[in-house]
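Okay, here's what each chain looks like letter by letter:
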Amino acid sequence: VSSIELARSGQVRTVEVVNRTKKHELTRHGRRAVDPSQYTETHELKLTPPPMWIELPQEEQAAKVDEHIALAEKFFREQRENRPCLGMDLVLAQSFTDRPSEPSRRPRIKVFSLDKAKAEELLDSYKRHVGGYREVYYGFVNAAQAGKRPTVEWPRGSYPPSCAVPIG
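Please read all numbers here as calculations on a predicted model, not as lab measurements.

### What to know about the packing of aromatic side chains
- For the coordinates displayed, the defined rule picks out 2 aromatic pairs.
- Ring geometry for Phe-75 and Phe-76: centres 5.0 Å apart, planes at 75°, overall edge-to-face.
- By relative accessible area, which is 41% here, Phe-75 ends up partly exposed.

What follows is the structure, encoded as C-alpha cells:
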C-alpha cells in the first residue's frame, strides 16, 4: 500500500490481511483444509492529514503532497550529485550476499535524540543496562563451569540467554 496515493486522493483503502494467530490456532492440530475466510480480516486505511492541512480542500492537500515529494526528490538528486539511480536491472543483478568494496567503519548509533544531554543520559542508561547484563551473564557462565547454582539475578527488562546452566 502506498500512502502517496491515499494522501493525494483522501480516499479510504480496504485491504485484506491474514491474522496469523487465528490461522495458527485453526491449523495447529493437524487441520490442513481450513477456509481462508476464517483467518482473514478486512481493514480500512484512511490517512489523517497533518494538523496544518486539515482545513485545506483535498485538491490543495494533494498539491502540498506533490510539492513535498518534489522537494525531497530535488534534495536527494543534489545529494547524489545528479547521478542516476541504479535502475531495476542493476538492482536485480546484485547478489544479496554482496558487500560494499569499502564499507564505512563508523559505530552504530545506539540512541538518537536532538537534545544532546538527553542522548547522553540515554546512552549512559544503555551502558549500565548492558554492563549489568554482562555481569549476570558471566555469573551464570562461571557458575555453570564450576558446576554450581548461579546466585545472580537478571537485570530488569532483559531476557536470560539460552545456554544450559545447572539448576540444582
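### A word on the side chain of Asn-19
- Relative to the elements of secondary structure, Asn-19 occurs in the loop between strand E1 (13–18) and helix H2 (20–27).
- Polar contacts involving the side chain of Asn-19 include one to the main-chain amide nitrogen of Lys-22, which spans 3.1 Å.
- Residues within four places of Asn-19 in sequence aside, it is in contact with Tyr-39 and Glu-41.

### Describing unusual backbone geometry
- Despite not being glycine, Glu-81 shows a phi value in the positive range, around 55°.
- Along the polypeptide, Glu-81 turns up in the loop between helix H3 (58–79) and helix H4 (88–93).
- With phi around 60°, Asn-82 is a residue other than glycine that occupies positive phi space.
- With respect to the secondary-structure elements, Asn-82 resides in the loop between H3 and H4.

### Section: a nonpolar patch on the surface
- A contiguous nonpolar surface patch, about 270 Å² in accessible area, is contributed by Leu-86, Leu-90 and Val-91.
- Structurally, Leu-90 can be placed in helix H4.

Rules of the game
Residues numbered from 1 in each chain as written. Predicted model: local features only at pLDDT ≥ 70, side-chain atom pairs only at ≥ 80, totals over all residues. Heavy atoms only, no water. Phe/Tyr/Trp six-rings, centres within 6.5 Å; stacked < 30°, edge-to-face > 60°. Buried < 20%, exposed > 50% of the residue type's maximum accessible area, 1.4 Å probe, protein only. Helix = DSSP H or I, 4+ residues; strand = E, 2+ residues; numbered from the N terminus. Polar contact = N/O pair within 3.5 Å; in protein donor to acceptor, adjacent residues only side chain to side chain. Contact = heavy atoms within 4.5 Å. Patch = residues over 30% accessible without salt bridge, like charges linked within 9 Å, V, L, I, M, F, W, Y side chains within 5 Å. Areas by Shrake-Rupley, 256 points an atom, 1.4 Å probe, with all protein chains shown as cover. Salt bridge = Lys/Arg side-chain N within 4 Å of Asp/Glu carboxyl O.

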